[in-house]
Amino acid sequence: MSLDRTPHIGLYGVANVGKSSLLNRLTGQQASIVSPEAGTTTDPVRRSFEIAGYGPVVFIDTAGIDDTTTELGRLRVRKTRQTLTEVEVAVVLLVTEEPSPAEREWLATVRANDLPAVVLPSRGDGLSTDEILRRIVEQLPEAAQADPPFFGERRVEAGDRLVFVCPIDDAAPAGRLILPQVQALRAALDLGAVALTVQPAQLAGLLSSFEATPPRLIVTDSQAFREVTATAREFCPTAEVTSFSILLAERKGNRTVYAEGLRAVDSLKPGDRILIIENCSHQITCNDIGRSKIPAWLRAYTGIDDLRFTFVAGRDPLPAALSDSPGHFALAIQCGGCVATRRLIQSRIRAAQTNGLPITNYGMLIRKLQVK
């Protein structure tokens, strides 16, 4: 199971309640620095671990929820709060048997985020490691480890031919494929399908070699949608063409919501602000799909030069203007989320919907902008 589908478990509590000590105890290693000095843990610390009889999980150690006396402390608490968008279970450590006002407030925040909570005494004292892990596993929702079919409801069987179009250009990572392409190849192999991988310029030659049976599916990198669709229409007009980003949208996002959000593209006006949400971290290049190509394609499609773009990367929070200033953004565009948990993608979608912001997906948007 890859990290994007591994259940995440957050450890929360006031400063020096023993969160880092508990993480070290559960994992059997010095995963976090432990010190009697308050504020030892600053940024969230993530550690992968295998629970016997269950499978892989990721523990997230966090800063104290009561570290609010300084601006730095408030920044730490903000980082801690952000992790609630990616965890499936919140482990909350209490100083005493009865929760303090700060602990009660945090438990209410956990419930407001639709998260199950495992409440433990400081450092988990009086409980065995096995008992603590058992309580955590009991609270993990079944959906946390669910592995939806990579190709969705499409019927892909052993022996079916699938064509993957993977451009190798200056935006491609050196020496490897991007994660969605690797995931698609693995999913095809698991099903016994025949995966044929080409670059866009090779696609016509491959498709022309097929005789009576077209490929079951053609999956392309989104930026090559126009070229790939034109070639497929010429040589294999009955084959479905989709993108790696759209497949991810179906698995982690909400295709219906994305399709509704896509309509907002045709209502954009000069001066409109567009929020682009990326979940991976990478060096920005001149041909970057989110920072360069999508803005250029949107301007070309709408004929509006004065579109303003705001970018969010990795696990960074969404802009405060989203909730503080209704209507500040006209459209949000979410990446496929290959390195993000489904819960994180869903939290982004909920935030947009709650604030009345149309949201769509990279792949679905690019298909609209590029395919005539």
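Residues numbered from 1 in each chain as written. Predicted model: local features only at pLDDT ≥ 70, side-chain atom pairs only at ≥ 80, totals over all residues. Heavy atoms only, no water.

Description of the sheet that holds strand β7 (residues 194-198)
- One open sheet accounts for four strands, arranged β7-β6-β8-β9; its pairing is parallel. Edge positions in the open sheet fall to β7 and β9 (240-243), since each of these has one partner strand only. Ignoring which end each strand starts from, the neighbouring axes of this sheet average 25 degrees apart.
- Its contacts with the sheet place helix α7 (residues 225-235) against β6 (161-165), β8 (217-220) and β9, and it is angled at close to 170 degrees to β9. (Pairing = 2+ DSSP bridges. Helix = DSSP H or I, 4+ residues; strand = E, 2+ residues; numbered from the N terminus. Axes fitted to C-alpha atoms, helices over the stretch in contact; angles between N-to-C directions. Contact = heavy atoms within 4.5 Å.)

Quick notes on the sheet that holds strand β4 (residues 89-94)
- Taken together, the five strands give an open sheet; going across it, the order is β2-β3-β1-β4-β5, and neighbouring strands pair in mixed fashion. Sheet topology places β2 (45-51) and β5 (117-121) at the edges, where each strand pairs with a single neighbour. Each strand axis lies, on average, 25 degrees off the axis of its neighbour in the sheet, ignoring direction.
- When β2 meets strand β3 (residues 55-61), the two strands line up antiparallel, connected through seven bridges. Residue pairing in the sheet places Arg46 in a bridge with Ile60 of β3.
- Contacts from helix α1 (residues 19-27) reach β1 (8-12), β2, β3, β4 and β5 within the one sheet, and its direction differs from that of β3 by about 160 degrees.

A closer look at the side chain of Arg154
- Along the chain, the position of Arg154 falls in the loop between α4 (129-139) and β6.
- For Arg154, a relative accessible area of 18% translates into the label buried.
- Of note is the side chain of Arg154, whose polar atom sits 3.0 Å from the side chain of Glu240.
- The residues contacting Arg154, other than those within four sequence positions of it, are Leu217, Glu240, Thr242, Leu247, Glu250 and Arg255. (Buried < 20%, exposed > 50% of the residue type's maximum accessible area, 1.4 Å probe, protein only. Polar contact = N/O pair within 3.5 Å; in protein donor to acceptor, adjacent residues only side chain to side chain.)

Overview of α7
- All buried positions along α7 are accounted for by Phe225, Val228, Thr229, Thr231 and Ala232. End-on, the buried residues of α7 take up no more than an arc of 165 degrees, which puts them together on one face.
- Along its buried surface, α7 packs onto β6, α6 (203-209), β8, β9, α8 (244-252) and α13 (362-370). (Arc of directions from axis to C-beta.)

Purely spatial values, then, with no claim about function.
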